[in-house]
Structure formats: structure tokens, C-alpha cells
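What the coordinates show
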Amino acid sequence: MLDYETLFKRPATKKDFNDMNVLSKIVKPAAAPSVGALFAEARAARGYSLDDVAETTGLTVAEVTALENDVDYDVSRIRRTAAALGVLDKI
């Protein structure tokens, strides 16, 4: 296994690189989906268009798109959109 001696006191060997490759293949738990991804998924699952969500929430299509792309973090818009998509309990 890689330890201080391996990493800092001698040149790296081929075995060290093999050890690192094995470590890099360890499965990591999936990160929680972003709010935008959650919105896009919920919208697609319900068959809603961006226009449908915009009309229901009173937002513009650009605002809904910004939420789905995780570039808008306005709490009021997030709540309205989550409520309209039925995912308020997931955020």
C-alpha cells in the first residue's frame, strides 16, 4: 500500500502506479443530484415543456432554463418550480 516512504522518500516504481490505478477504481457513492438536474428530470418525467413550467410558475423560459442549468439560485423561484413539479419535498 502507499505510505509516506513510498510517496516521499524514494522514486516511484511501476508497482506504485499500479497501486494508484487500483485505488482510483474504488467505487465512490453517487453525489446527490443538483436541484437543476432534479427539475429537468421531473419535468421530463411529467412530459412538461419549458413553456409549460414557465407558464405554471409565472417565470420566463429563460429563468426556468437557468434553474435547470444550476445558474440561478433564487430561493423563491426554486420553491415555485419545485412545487409546480411536485418535488418540493426533495429539495
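Note: the structure precedes this text.
Residues numbered from 1 in each chain as written. Predicted model: local features only at pLDDT ≥ 70, side-chain atom pairs only at ≥ 80, totals over all residues. Heavy atoms only, no water.

Thoughts on helix 4 (residues 50-57)
Listed as buried for helix 4 are Val53, Ala54 and Thr57. Angularly, the buried residues of helix 4 cover 100 degrees about the axis, an arc narrow enough to put them on a single face. Set apart from the buried face of helix 4 by more than 90 degrees, the exposed residues are Asp51, Glu55 and Thr56. Directly after helix 4, the chain includes glycine 58, whose backbone phi takes a positive value near 80 degrees. (Buried < 20%, exposed > 50% of the residue type's maximum accessible area, 1.4 Å probe, protein only. Helix = DSSP H or I, 4+ residues; strand = E, 2+ residues; numbered from the N terminus. Arc of directions from axis to C-beta.)

Brief notes about the nonpolar core
Grouped together as the largest cluster of nonpolar side chains are 12 residues: Leu38, Phe39, Ala42, Val53, Ala54, Leu59, Val64, Leu67, Ile78, Ala82, Leu85 and Val87. Listing elements by their share of this core, those giving two or more residues are helix 3 (35-46), helix 4, helix 5 (61-68) and helix 6 (75-85). (Core = buried A, V, L, I, M, F, W, Y, C linked by side-chain atoms within 4.5 Å.)

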